[in-house]
Structure formats: structure tokens, C-alpha cells
Amino acid sequence: MKKRTHRAPAQAQHSTPPVESTALPATAPAQSFTFDLGEPEPVIGGRSALLEYAECLPCGDWYEPPVSLAALARLLRVGAHHESALRFKINVLSSTFIPSQALSAEAFGGFALDYMVLGNAYLERRRNRLGDLLELRHALGKYARRGLEPGRFFFVTDLQSPHEFPRHDVFQLREQDIHQEIYGLPPYLGALQSAMLNESATLFRRRYYNNGSHAGFILYVTDAAQSQGDVDKMREQLTKTKGGGNFKNLFYYAPNGKKEGIQLIPISEVAAKDDFLNIKNASRDDVLAAHRVPPQLMGMLPNNVGGFGDVEKAAMVFARNEIAPLQARMAHAINTWAGRTVCTFKPYVLKDAPAAAPALA
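Every chain is numbered independently, its residues counted from 1 as its sequence is written. Whole-chain, interface and lining totals are the exception, using all residues; otherwise, since this is a predicted model, local features are given only for residues with pLDDT of at least 70 and side-chain atom pairs are given and counted only at 80 or more. As a convention, hydrogens and water are excluded, and side-chain values are obtained from all of the structure's heavy atoms.

1. Comments concerning the overall build of the protein chain
So, point 1. A tally of helices and strands in the protein chain yields 10 helices and 12 strands.
So, point 2. Partly exposed describes any residue whose relative accessible area lies between the buried limit of under 20% and the exposed limit of over 50%, with all areas from a 1.4 Å probe on protein chains only and scaled to the type maximum. A total of 361 residues make up the protein chain; the buried ones form 30% of that total.
So, point 3. Within the protein chain, contacts between residues at least 6 apart in sequence are counted, and of these 66% link residues at least 24 apart. By the criteria applied, helices consist of DSSP H or I runs no shorter than four residues and strands consist of E runs no shorter than two, each listed in order from the N terminus. The contact criterion used throughout is that any non-hydrogen atoms of two residues lie within 4.5 Å.

What follows is the structure, given as C-alpha cells:
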């Protein structure tokens, strides 16, 4: 008797191998995360309070300022309103200054600029052969440093070759500071955050407009009546709207199409959501409040119907409260140090026409 063997059916022998099914990748579990934008720095306490213990650190033969004077000089052009307010005060001071033989109008202009921007201003005394006062020259406040010993001043552009002025021949006028009595600090430091916010808003808007292809919307097509050729033509037309073809109209005919077969989904309404104008206006008001300059004196347009009021009254109040104290402080300090009257001012008068230049012979 013969033993039977079980064979696979003929179909199974000639059948194609089974196709391996591609498994879908496992999706990662949903996770939550946060953006770390940095901890806020309070004015009272925090890491910045450690600098109050150091005050002005000695560096060799001189003291270093409590803040970076180079940074204050760069921040002068952080925004239109910050520099404009400072230049306005300097122009009023220069227009009322009376030049003398020892102190020229050019030297006083640089002296006033340093004082308004840096909170420190310096004049160097040049002597004649007899040792008397010949003239007062302006020394750049960005590089001037006060020495550890009284009467010593240095001109430091780098640590390799500092220049020392003759002793007791440099005059320093500084804005009062509550923490130290070596260097002055400008009173507008509290408004620098607003000035930098104004700059950041402007830079963001510039980059947004310079970027020619904004991800402004998603064109969502679900209608089965659309052919692939029509979709390709629509894609081609949309890509042509970059650069010189911006703001073109697009016509699309879809017979037998559904109502929601083509949808336009906006995803980046940046122009309406970045609150650009409110940021600019609020930061501008903070800067002008720190400089205490009326807006009508800076050529600004009012946002309301009533306007800013009488410009002449605002100018006279500004001259009485801001310009007159600066004139008295500068004249008294410079004349006392020089030992004679070299700095004088005339009253601030609105109807006073500027003097005409002398005719050439």
C-alpha cells in the first residue's frame, strides 16, 4: 500500500507572491511645548541691581562709565523722534548762545550735543605762552574718561594708546546721577525701551514688505469638476503675482462647480494683526514724554480734530521750563571754571530773526 503525500493545489504553486502591505508610520504622540522669550528684567532688583554696587569701575588710571557711552551714541539714531527731540533742544541752545573769543559756536555745539546725548560734556583749556586762557576746545565725550586722581582726564579710543590731558585743564559738565558722582547719565534712559520697540516695529514692517512672496492664503480646491489642466493654469497664474505682478485679479470659470469647491483660507493677516500704528504711536508718546518736548514743536501732525493748541504758547512754556535751566547751568559752570565770562546766552524770543551772514568784500 502506497503512502499518499499531500500536495498543494496547482493554483497555489503558480500564484504570484503576496504583496507586502506598507505600514503607515506611527504618529508621534501629541506634546505640549512653550516658547521661552526670556525672563523680564525688573527695574528694582534683578541682575541689573548688581551694577549699582559696582558704580564706576576703575580701569587703570581712569574710571569706566556706568553705562556704555558707545551704545548711547548708537542709540541716538534708533528712531526719528528720539534724535529729533534732542536736536531740537540743541538747536534752541545754539541759537541763543553768544560766541566769545574763548568759546566758539562750533565748540559749544559739540559740547551741547555731548551733554544732551551722553549726559557728560567736556571742554579742554588751551593756554598761551604766558599760561593764560587762549581758547576752549570741545573734547569728544564718547572717549573722555575721568581719572582716579582729581584733575586728571584721559582720551581713550583704545586701551593701547590712551592720551592724558594736562592736569586741571579739562572741564566736565555732567547730568546728576543718584548712584555716583563721577559721570552723568542722560535722563531719557527710561524711554529707550520704547524707542527700541519703535525701531523693531519699523524693521518688522520693512522686512514684511521687502519679502515679495507672503504666505497670505491657502487656495483650497475640492471640486471634482476641475481638471488637472485647470488646476495647473491656476497655479501658474498665482506664481506670477510675485514682484511686479502684485495685486492682479484672477478670473476662474468652473461650470457645474459646487459652492465651496474653491475656498480661500487666509493664514497671515500680518498687515491687520501686528498693531503697527498703535505700537508706533505709543512708543512715540513715551519718547516725547521723556524728552519733555511738545509735539507741535517737532512738526508732528495731530491725530484729533482740535489739534495740539497754540504753538507759540507751547514754545514759550518749553523755553521757560527746559531751555532756561539748561542755559543757567551751562553758563554758571563754564564761567566759574574758566575764571571769566566766556559763555553767555540771549533770551529766547520767537520773533527774533537769525542774523544774516556778512557780505564778502
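2. Remarks on the pattern of salt bridges
Two side chains with opposite charge may pair up if their charged atoms get near one another.
So, point 1. Put simply, a salt bridge is a Lys or Arg side-chain nitrogen that is within 4 Å of an Asp or Glu carboxyl oxygen. The tally for this structure, following the rule as stated, stands at 13 salt bridges.
So, point 2. The residue R329 makes a salt bridge to E175 at a minimum N-O spacing of 3.5 Å. You can see R329 sitting in helix 10 (residues 311-338) and its partner E175 sitting in the loop between strand 9 (170-174) and helix 6 (192-210), a full 154 residues away along the chain.
So, point 3. Its relative accessible area of 35% is what places R329 among the partly exposed residues.
So, point 4. The class for E175 is buried, based on a relative accessible area of 18%.
So, point 5. Here the salt bridges do not stand alone but share partners, grouping E149, R152, E164 and R167 into one network.

3. Regarding the side chain of N120
So, point 1. Relative to the assigned elements, N120 resides in strand 4 (residues 120-127).
So, point 2. Residue class for N120 comes out buried when judged on its relative accessible area of 2%.
So, point 3. We define a polar contact as two N or O atoms separated by no more than 3.5 Å, with the added condition that, inside protein, one atom must be a possible hydrogen donor and the other a possible acceptor, whereas residues neighbouring each other in sequence contribute only through side-chain atom pairs. In this structure the side chain of N120 is engaged in a polar contact, spanning 3.4 Å, whose partner is the backbone oxygen of L118.
So, point 4. Of the polar contacts made by the side chain of N120, one reaches the side chain of Q172; its length is 3.3 Å.
So, point 5. Beyond its immediate chain neighbours, meaning those up to four positions away, N120 contacts D114, Y115, Q172, L173, R174, Y183 and G184.

4. Some points on helix 6
So, point 1. Expected span of a helix, by definition, is 1.5 Å for each gap between consecutive residues, and there is one gap fewer than residues. With 19 residues, helix 6 extends 27 Å from end C-alpha to end C-alpha; this agrees with the ideal 27 Å at 1.5 Å per step.
So, point 2. Residues of helix 6 that are buried: L192, S194, A195, N198, A201, R205 and Y208.

5. As for the nonpolar core
So, point 1. Counting 45 residues, the largest nonpolar core has L103, F108, F111, M330, I334, V342 and C343 as its most contacted members.
So, point 2. Where this core is concerned, the elements lending two or more residues are helix 3 (69-74), helix 4 (80-96), helix 5 (105-118), strand 4, strand 5 (133-139), strand 9 and helix 10.
So, point 3. The greatest single-element share of this core, amounting to 9 residues, is contributed by helix 10.
So, point 4. Discounting residues that sit within four places of it in the chain, F108 has contacts with L93, S94, F97, L103, M330, C343 and F345.
So, point 5. Core analysis: the next-biggest nonpolar cluster, separate from the first, contains 9 residues, A139, F153, F165 and V170 among them. Buried Ala, Val, Leu, Ile, Met, Phe, Trp, Tyr and Cys residues that are joined via side-chain atoms within 4.5 Å together make up what is termed a nonpolar core.

6. Concerning the sheet that holds strand 5
Note: strands within a sheet are paired through backbone hydrogen bonds, in either parallel or antiparallel orientation.
So, point 1. Spatial strand order, 5-4-9: 3 strands in an open sheet with antiparallel pairing. In this open sheet, the two edge strands, each paired with only one partner strand, are strand 5 and strand 9. Sheet twist, expressed as the mean angle between neighbouring strand axes with direction ignored, is 25°.
So, point 2. Pairing analysis gives 6 bridges linking strand 4 to strand 5, with the strands arranged antiparallel. Paired with R127 across the two strands is L133, which belongs to strand 5.
So, point 3. Only C-alpha atoms enter the line fits that serve as axes; for helices the fit covers just the stretch in contact. Angles between N-to-C directions range over 0 to 180 degrees. Most of the contacts of helix 5 go to strand 4, to which it runs at about 150°, and overall it touches strand 4, strand 5 and strand 9. Only when DSSP finds a minimum of two bridges between them are two strands counted as paired.

7. Focus on unusual backbone geometry
So, point 1. Its identity is not glycine, yet H168 carries a phi of approximately 65°, on the positive side.
So, point 2. Within the fold, H168 resides in the loop between strand 8 (163-164) and strand 9.
So, point 3. A positive phi is found at R292, a non-glycine position, where the angle reads about 60°.
So, point 4. Along the polypeptide, R292 turns up in the loop between helix 9 (276-291) and helix 10.

8. With respect to the pairing of strand 9
So, point 1. In terms of burial, strand 9 is a largely internal element, 5 of the 5 residues being buried.
So, point 2. Here strand 9 shows a buried face lined by V170, Q172 and R174 and a second buried face lined by F171 and L173.

9. As for the packing of aromatic side chains
So, point 1. We call Phe, Tyr and Trp rings a pair once their centres come within 6.5 Å, taking the six-membered ring for Trp, and we label the pair stacked below 30 degrees between planes, edge-to-face above 60, and tilted otherwise. Tallying each qualifying case throughout the model produces 11 aromatic pairs.
So, point 2. Both rings, one in F97 and one in F108, keep their centres 4.2 Å apart while their planes meet at 5°; by these two values the pair is stacked. Here F108 lies in helix 5 and F97 lies in strand 3 (residues 97-98), a separation of 11 residues in the sequence.
So, point 3. A relative accessible area of 1% means that F108 is categorised as buried.
So, point 4. Ring plane angle 65° and centroid distance 5.8 Å describe the contact between F97 and F345, whose orientation is recorded as edge-to-face. Placement of F97 in strand 3 and of F345 in strand 12 (residues 344-345) is noted, with a sequence separation of 248 residues between them. Neither F97 nor F345 differs from the other in exposure class; each is buried.
So, point 5. Three or more aromatic residues joined by ring pairs make a cluster, and in this case those are F97, F108, F111, F171, W337 and F345.
So, point 6. Working rule: Lys NZ or Arg CZ, within 6 Å of ring centre, within 35 degrees of ring normal, means a charge sits over the ring. Across from the ring centre of W337, 4.2 Å away, lies the NZ or CZ of R125, which sits over that ring.
So, point 7. Across from the ring centre of F276, 4.4 Å away, lies the NZ or CZ of R205, which sits over that ring.

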